[in-house]
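# Observations on the three-dimensional arrangement
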Amino acid sequence: MRGIRKSTLRSGTQRRARSTSRASTRSLALLAPVVILALLVTASAAQAASVIHVTTTVQSINDDAECSLQEAIYAANLDASKAPDPANLGDRNAFITTGCAAGTGDDTIVLPAMATFTMSGPVADVFNYGGPTATPMVTSTIVIEAVGAKMVHGGGPVPYRAFAVGRAGGGTGVAGDLTLHEIHVKGFEVQGGDGGGGGGGGLGAGGAVYVSEGALSVGWSTFEQNGALGGDGSSG
């Protein structure tokens, strides 16, 4: 699938369009303070957002001074310059400090222009309940400005996808909202688990991006040679 311009996928129902009508001059005068207040709240929310610059194409989570794509997603999800400690994944309260700027509210992650990110396998993400993925599950509102960067499947021990979107807290919190701009995603593939006891194979969902719960928007991007395969059924 090539040259996607702009589309949006949401897991929930769409909001209904609201109609408006003209109001009298007096009504507008009464509403003016409310409108001003709304504008101030909107401006405050915009100022709360952070821009997180990725500084390396290496797929990594560590405490060095660089900011990887994986670390940037954690910084946005957690609103802090931290990520789960790779050496202590059994403890969900164990974190390391990363080289990424802390996220705040709705965040934008900026990739190095025209860079190539080669993924070597799925990230060990304790918060991802959707299956093997090269990056942490998106559980907040994130815009990734790829600036022409390419994300490529470079092999690995198991099939895995590029991105996943779901709810925070292992599926109990707020749903994520991911927007991808000017990115080229190539070669990712997932496969569902095999059935047992005469059952059918599991669903293989989202070769490039899997939206378990939440929203996905894509603009000016290319998806090439990504796929999803169902698992094998069993004979009983």
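Keep in mind it's a predicted model, so treat the numbers as computed, not measured.

### Some details on the overall build of the chain
- Helix and strand counts for the chain stand at three helices and 15 strands.
- For the chain, buried positions account for 39% of its 236 residues.
- Of the contacts made within the chain by residues no fewer than 6 positions apart, 76% connect residues no fewer than 24 positions apart.
- In the structure as shown, the chain presents an accessible area of about 12,500 Å², 53% of it carried by carbon and sulfur atoms.

### So, unusual backbone geometry
- The phi angle at Asp 79 is positive, at roughly 55°, despite the residue not being glycine.
- Structurally, the position occupied by Asp 79 is in the loop between helix 2 (69-78) and strand 3 (82-84).
- Positive phi is not limited to glycine here, since Met 114 has a value of about 60°.
- Examined against the element boundaries, Met 114 turns out to sit in the loop between strand 5 (107-110) and strand 6 (116-119).

Parameters at a glance
Residues numbered from 1 in each chain as written. Predicted model: local features only at pLDDT ≥ 70, side-chain atom pairs only at ≥ 80, totals over all residues. Heavy atoms only, no water. Helix = DSSP H or I, 4+ residues; strand = E, 2+ residues; numbered from the N terminus. Buried < 20%, exposed > 50% of the residue type's maximum accessible area, 1.4 Å probe, protein only. Contact = heavy atoms within 4.5 Å. Areas by Shrake-Rupley, 256 points an atom, 1.4 Å probe, with all protein chains shown as cover.

Keep in mind that these numbers describe shape and distance, not what the molecule does.
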